[in-house]
Amino acid sequence: MTRETWIARVLLVLVFAPGGGLFGKAVAEAAQARPWWPWLVAALVWLLVSGAISMAVSTAVSSHSAEHR
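The rules behind the values
Residues numbered from 1 in each chain as written. Predicted model: local features only at pLDDT ≥ 70, side-chain atom pairs only at ≥ 80, totals over all residues. Heavy atoms only, no water. Helix = DSSP H or I, 4+ residues; strand = E, 2+ residues; numbered from the N terminus. Buried < 20%, exposed > 50% of the residue type's maximum accessible area, 1.4 Å probe, protein only. Contact = heavy atoms within 4.5 Å. Areas by Shrake-Rupley, 256 points an atom, 1.4 Å probe, with all protein chains shown as cover. Patch = residues over 30% accessible without salt bridge, like charges linked within 9 Å, V, L, I, M, F, W, Y side chains within 5 Å. Salt bridge = Lys/Arg side-chain N within 4 Å of Asp/Glu carboxyl O. Expected span 1.5 Å × (residues − 1).

### Here's the deal with the overall build of the protein
Now for step 1: The helix and strand inventory of the protein stands at two helices and zero strands.
Now for step 2: Buried positions account for 16% of the 69 residues belonging to the protein.
Now for step 3: Restricting the contact set of the protein to residue pairs at least 6 apart, pairs at least 24 apart contribute 59%.
Now for step 4: Here the protein has roughly 5100 Å² of accessible surface; of this, 73% comes from carbon and sulfur atoms.

As structure tokens, then:
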């Protein structure tokens, strides 16, 4: 596994695992008739912000790797 692939897999887990947990919390709150929408908003914000950061990191790693070839 190349360094780029390893970094991409780590970023994928760091983005989607917490987002999935927040979505799960929203479902659990909805099942108990509690306000669920703040958890859904938090999940969407997490996915957008962490996704943008991971794309920037991935692009930086790819361009850095391409310079050294």
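That shown, we press on.
### A word on a nonpolar patch on the surface
Now for step 1: Taken together, W36, W37, V41, V45, L48, V49, I53 and V57 make up a surface patch of nonpolar side chains, about 800 Å² in accessible area.
Now for step 2: Tracing the sequence through the fold places W36 in the loop between α1 (3-31) and α2 (37-67).

### Thoughts on unusual backbone geometry
Now for step 1: Backbone geometry places A33, a non-glycine residue, at a positive phi of 60°.
Now for step 2: Along the chain, the position of A33 falls in the loop between α1 and α2.
Now for step 3: Classification of A33 as exposed rests on a relative accessible area of 72%.

### A short note on the pattern of salt bridges
Now for step 1: Tallying each qualifying case throughout the model produces two salt bridges.
Now for step 2: Between E29 and K25 there is a salt bridge, and its shortest N-O distance comes to 3.0 Å. Taken as a pair, E29 and K25 lie in helix α1 at a separation of four residues, close to a single helical turn.
Now for step 3: Residue classification places K25 among the partly exposed residues on the basis of a relative accessible area of 33%.
Now for step 4: Counted as one network, the salt bridges with shared partners bring together K25, E29 and R34.

### Observations regarding the side chain of S54
Now for step 1: Residue position: S54 is located in helix α2.
Now for step 2: Judged by its relative accessible area of 13%, S54 falls in the buried class.

### Some thoughts on α1
Now for step 1: Between its first and last C-alpha atoms α1 spans 42 Å; for 29 residues at 1.5 Å apiece the expected length is 42 Å, and the two agree.
Now for step 2: One or two steps after α1, the chain reaches A33, where phi turns positive at roughly 60°.

### Here we look at the environment of T5
Now for step 1: Looking at the element boundaries, T5 is found in helix α1.
Now for step 2: Look at T5 and you get partly exposed, because its relative accessible area is 32%.
Now for step 3: Sequence-wise, T5 and S62 are 57 residues apart; in three dimensions their C-alpha atoms are separated by 9.9 Å.

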